[in-house]
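# Per-entry structural report
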Amino acid sequence: MNAEIRPVKTAAEIGLADLFAASCASLPGGRNIETVRRGAFERFVAQGLPHSRVEAWRYTDLRRLVRDAKPLASRPDATAKEAAGIATAAFANLGFRRLLIVNGAFVPELSDLADLEPGVSIRATVNGLDADDADGVLDGGDDVATALNTAFAADGVIIAIDPGVVVTRPIHLAFVTTAATPAAMFTRSSLKIGAGAGVTLIETHEGPDRSDYQVNTALRTIVGDGARLDHVKVTSEGGAALHIATLQAEIGAEAVYSEFGLVTGGAVVRNQLFLKLAGEGTIANVHQASLLAGRQHADITLTVDHVAAGSQSREVFKAVVDDEARAVFQGKITVRQGAQQTDARMMARALLLSDEAVANCKPELEIFADDVQCGHGTTTGALDDQLKFYLMARGIPEKEAEALLIQAFVGEVIDAIARDDLREALSGRMLDWLKGRE
Amino acid sequence: MTALLEIRGLKAEIDGRQILNGLDLIVNKGEIHAIMGPNGAGKSTLSYVLSGKPGYEITGGEVSFNGEDLLAMDPDERAAKGLFLAFQYPLEIPGVATLTFLRTALNAQRKKRGEEELSSPDVLKRVRELAKQLSIDPEMLKRPLNVGFSGGEKKRNETLQMALLEPKLCVLDETDSGLDIDALRIVADGVNRLRAADRGMIVITHYQRLLDYIVPDVVHVLSAGRIVKTGGKELALELEATGYAQYQSEAA
Ligand SMILES: Nc1ncnc2c1ncn2[C@@H]1O[C@H](COP(=O)(O)OP(=O)(O)O)[C@@H](O)[C@H]1O
Ligand SMILES: [Mg+2]
């Protein structure tokens, strides 16, 4: 017999099963939604929490890292809403359209929904669930994290932009956790961008440092032909938080998709991105920076699927890892048979600031077409002592010299952000992190 | 009067190998000292030990700088107190704009000395002025430090840093190497502008040529980690004619 032997269920798996049994009926949605949820949970049960022998989760063993299941967060009361409004100062002064999601629930009354541009619609995911229509709400995604998300998703934001509408004011999804007691939040959002339309979407995720909470958030986006999406995700969860995020993007022909991710917070972070470059001449640029300290663990796992001819993708991942933290980058570029003239490059660089810091970088290429240009590389190293001495010999104190060199290292990915205001704000985040080291 | 720099019996090793072998040197304010010597004599080692580069073990002797124990200070502290080393091989630092670097260095030193920090426009003004004197294209200041600079541009950039930071003691390690005659003149003029009654200089060079432009008060021969001969500027010409062979055998 070589049938796979299911390992003993962990406390967290048992807890999740109990949680699903107890809450399934009361989660938003009618019978259709419930059917989808049950199907998703069955898929989860069949696989269990991913562990290190599952290739896609090789460095992030959730059987080990998730000790228990937390109760589902209740919808925020007035106190929580008020606390959230105060807590999230991120990008507040930049004039973005801010939509507030508190403890996993979209809060329209604290969100900026005034003067919506014609051709833009924004609604709560819970409304879509209540309408019992899974299409455009819970569709897509068969990996285990998304399956769990589908099973428990309670709310989120659904955004649609009509063809040809270029939204100049960025939309900011501010996810804030205020829960002081352990809780789990499952949010599901969707962004549909019509052909030739364009938008900048920023996601920030934050929460209290001392609270042991869990976030499973998913965003599915469909970027129409010739459309443009600039997506920025800042993961700065509290120091004890577990954060699992899934981005699924289907990007049309001649569309331009730019992704920037910054991870500074969270005890365990898994940001997974599944990009499908579905049409010809699509351009995708992905830049990621992880700044980690203490015992943080942050995993960026990315697949880029080149389906049609003549598309281009660039992935640059930079990790700065201090103390006993661990940065993981797994990147896989697939070039399908029909995707001739694909131009794809992936680079992962890690800067280790302590002897105990770890970086696991695993870039992969899987190419089925013959006329392509693809490449990848990784480097891992410490700060250059010679450069540090040169700076110190000019009077720059050691910590400041290190900060300059770290900034220089991360600079390349931050410089990739198109908007000046965002780039400056994110540089500011990086500087804050560097100050925290001093 | 306290000497600007006083080195007594300095011994230093790296990776277990002794390079400086009991070196004595006194530099007073207003003086320019040339240190000449064969390759491998320990000239760069001396400059690194003075500026505090990690990796060297001081096994004997002492160094006082304006009466203070230089060897007890971190490199940034030495710089703030007025020590400047113009590197033989200036390093490239990708991602750090030259101007940012200059501003950070200047203000870090000022801060440490308890002086007011300068605003970005003030720093820019000073830097532009100096760049002009040194025939440095202002566009270069926006580029990452020394990245893609030619050998001559790097040396001019070192000179600019020195002029901006206004050190008390300038140590120039083979500033002439890799320079054509025009670049050499520009750099030497820059150095000469810094000659001052309250500033000392140590000009390290393998060749006499540089000393035609930067005329020293004292010339030393460094061989096998010690000063083996000291004289006036005519000693440099003598060395040019006879070479270092006699000092090498003397030291051996
Ligand atoms: N890291 C090192 N380990 C061992 N020997 C070294 C090291 N660096 C320099 N040296 C040796 O020290 C001696 C002096 O070098 P250096 O000070 O650069 O000489 P100079 O500048 O006079 O040419 C040389 O013999 C050189 O090989
Ligand atoms: Mg040398």
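Residues numbered from 1 in each chain as written. Chains lettered and ligands numbered in written order. Predicted model: local features only at pLDDT ≥ 70, side-chain atom pairs only at ≥ 80, totals over all residues. Heavy atoms only, no water.

On a plain count of helices and strands, chain A comes out with nine helices and 19 strands. Scaling as 2.2 N^0.38, a compact globule of 438 residues should have a C-alpha radius of gyration of about 22 Å, and chain A matches this with 21 Å. Seen through its C-alpha atoms, chain A measures out along the principal axes to roughly 70 × 65 × 50 Å. The proportion of buried residues among the 438 residues of chain A is 57%. Taking the contacts inside chain A whose residues are at least 6 apart along the sequence as the reference set, 84% of them involve residues at least 24 apart. Surface summary for chain A: the accessible area is close to 17,200 Å², and the carbon and sulfur share equals 50%. Charge centroids of chain A, computed over 43 positive and 59 negative side chains, lie 3 Å from each other. (Helix = DSSP H or I, 4+ residues; strand = E, 2+ residues; numbered from the N terminus. Rg over C-alpha atoms; globule rule 2.2 N^0.38 Å. Buried < 20%, exposed > 50% of the residue type's maximum accessible area, 1.4 Å probe, protein only. Contact = heavy atoms within 4.5 Å. Areas by Shrake-Rupley, 256 points an atom, 1.4 Å probe, with all protein chains shown as cover. Lys, Arg positive; Asp, Glu negative; His and termini not counted. Charge placed at Lys NZ, Arg CZ, Asp CG, Glu CD.)

Time to look at the domain arrangement of chain A. Residues and elements named next belong to chain A. With domains assigned, chain A is organised as domain 1 (11-279) and domain 2 (384-437). Relative placement of domain 1 and domain 2: their C-alpha centres are 31 Å apart. Contact with domain 1, which involves 14 residues of that partner, is made by ten residues of domain 2. Of the roughly 1,000 Å² buried between domain 1 and domain 2, counting both surfaces, carbon and sulfur atoms make up 76%. Area buried by domain 1 at its contact with domain 2 is led by Phe91, Phe260 and Leu262, which between them contribute 39% of it. Connecting domain 1 to domain 2 are zero salt bridges. At the boundary of domain 1 and domain 2, one finds one residue pair in polar contact (both at pLDDT 80 or more). Here the side of domain 1 that touches domain 2 is built from residues that sort into ten nonpolar, four polar and no charged. (Domains from an automatic or database assignment. Buried area = accessible area lost by both parts, 1.4 Å probe. Salt bridge = Lys/Arg side-chain N within 4 Å of Asp/Glu carboxyl O. Polar contact = N/O pair within 3.5 Å; in protein donor to acceptor, adjacent residues only side chain to side chain. Nonpolar A, V, L, I, M, F, W, Y, C, P; charged D, E, K, R; others polar.)

The description of two helices packed together rests on the angle between their axes and the distance between the axes. Residues and elements named next belong to chain A. It is the contact of helix α8 (residues 398-414) with helix α9 (residues 420-437), at a shortest axis distance of 10 Å, that shows an interaxial angle of 150°. Classified by the angle between their axes, α8 and α9 sit roughly antiparallel to one another. Between α8 and α9 lies a crossing of right-handed hand. Counting all contacts with α8, which are made through Lys399, Glu402, Ala403, Ile406, Gln407, Val410 and Ile414, the residues of α9 involved are Arg423, Leu426, Ser427, Met430, Leu431, Leu434 and Arg437. (Axes fitted to C-alpha atoms, helices over the stretch in contact; angles between N-to-C directions. Parallel < 35°, antiparallel > 145°, perpendicular 65-115°, else oblique. Left-handed = near helix turned anticlockwise from the far one by under 90°.)

The positions UniProt marks with the feature "domain: SUF system FeS cluster assembly SufBD core" (unreviewed entry) are residues 177-409 of chain A. The annotated region residues 177-409 of chain A carries 9% helix and 59% strand content, and the separation between its end C-alpha atoms amounts to 31 Å. (UniProt positions renumbered as here; feature names shortened; annotations may be inferred.)

When a strand is regular, its side chains alternate between the sheet's two faces. All names here are of chain A. Within strand β12 (residues 268-277), eight of the ten residues are buried, which leaves it mostly tucked inside the rest of the structure. Pairing between strand β10 (residues 242-251) and β12: ten bridges, direction parallel. Within the sheet, the bridge partner assigned to Ala245 lies in β12 and is Asn271. (Pairing = 2+ DSSP bridges.)

This part takes up the layout of surface pockets. Residues and elements named next belong to chain A. Volume-wise, the largest pocket comes out at about 760 Å³. Looking at the largest pocket, it is lined by 32 residues, and the ones nearest its centre are Ala56, Asp142, Asp143, Phe274 and Thr303. Listing elements by their share of the lining of the largest pocket, those giving two or more residues are β8 (214-223), β10, β12, β14 (297-306), β16 (326-335) and β18 (358-367). The element contributing the most residues to the lining of the largest pocket is β12, with five residues. Split by residue class, the lining of the largest pocket holds nine nonpolar, twelve polar and eleven charged. Taken as a whole, the second largest pocket holds about 540 Å³ of empty space. If you go around the second largest pocket, you meet 21 residues; those closest to its centre are Leu65, Arg67, Ala267, Val268 and Arg295. Broken down by class, the residue content of the lining of the second largest pocket amounts to nine nonpolar, four polar and eight charged. (1 Å grid on protein atoms, 1.4 Å probe; cavity = no way out; pocket = protein on both sides within 12 Å on 5 of 7 lines; lining within 4 Å. Points joined across faces, edges and corners; volume = space filled by probe spheres on them.)

The next subject is empty space enclosed by the protein. All names here are of chain A. A full pass over the atoms with the stated rule returns five cavities of 30 Å³ or more. Looking at the largest cavity, its volume works out to about 200 Å³. Taken together, 20 residues form the lining of the largest cavity, with Leu148, Gln214, Asn216, Leu242 and Ile244 sitting closest to its centre. Those elements that provide at least two residues to the lining of the largest cavity are α1 (11-23), α6 (144-152), β6 (184-193), β8 and β10. There is about 120 Å³ of room inside the second largest cavity. Along the wall of the second largest cavity there are 15 residues; nearest its centre are Lys233, Ala245, Leu247, Asn271 and Leu273. Contributing elements (two or more residues each) for the lining of the second largest cavity: β8, β9 (228-236), β10, β11 (256-265) and β12. In terms of residue class, the lining of the second largest cavity is built from five nonpolar, seven polar and three charged.

Right, let's talk about the site of ligand 1 for a bit. Residues and elements named next belong to chain B. Around ligand 1, the neighbouring residues are Ile14, Asp15, Arg17, Ile19, Pro38, Asn39, Gly40, Ala41, Gly42, Lys43, Ser44 and Thr45. Lys43 is positioned with one of its backbone polar atoms (N or O) 2.8 Å from an oxygen atom of ligand 1. At 2.9 Å from an oxygen atom of ligand 1 is found a main-chain nitrogen or oxygen belonging to Ser44. Expressed as a share of its isolated accessible area of 570 Å², the protein-covered part of ligand 1 is 66%. Broken down by secondary-structure element, the contributors of at least two residues to the shell around ligand 1 are β2 (17-27) and α1 (43-51). Top element by residues in the shell around ligand 1 is α1. It accounts for three residues. A per-class count over the shell around ligand 1 returns four nonpolar, five polar and three charged. (Near = heavy atom within 4 Å.)

With that settled, consider the coordination of the magnesium ion (ligand 2). Residues and elements named next belong to chain B. The protein atoms that coordinate the magnesium ion (ligand 2) are Ser44 (OG) and Gln88 (OE1), at distances spanning 2.1 to 2.4 Å. Within this pair, whereas Ser44 is found in helix α1, its partner Gln88 is found in the loop between β6 (83-86) and β7 (93-97), the two being separated by 44 residues in sequence. Given the relative accessible area of 14%, Gln88 is considered buried. (Donors = N, O, S within 2.8 Å, 3.2 Å for Na, K, Ca; no water.)

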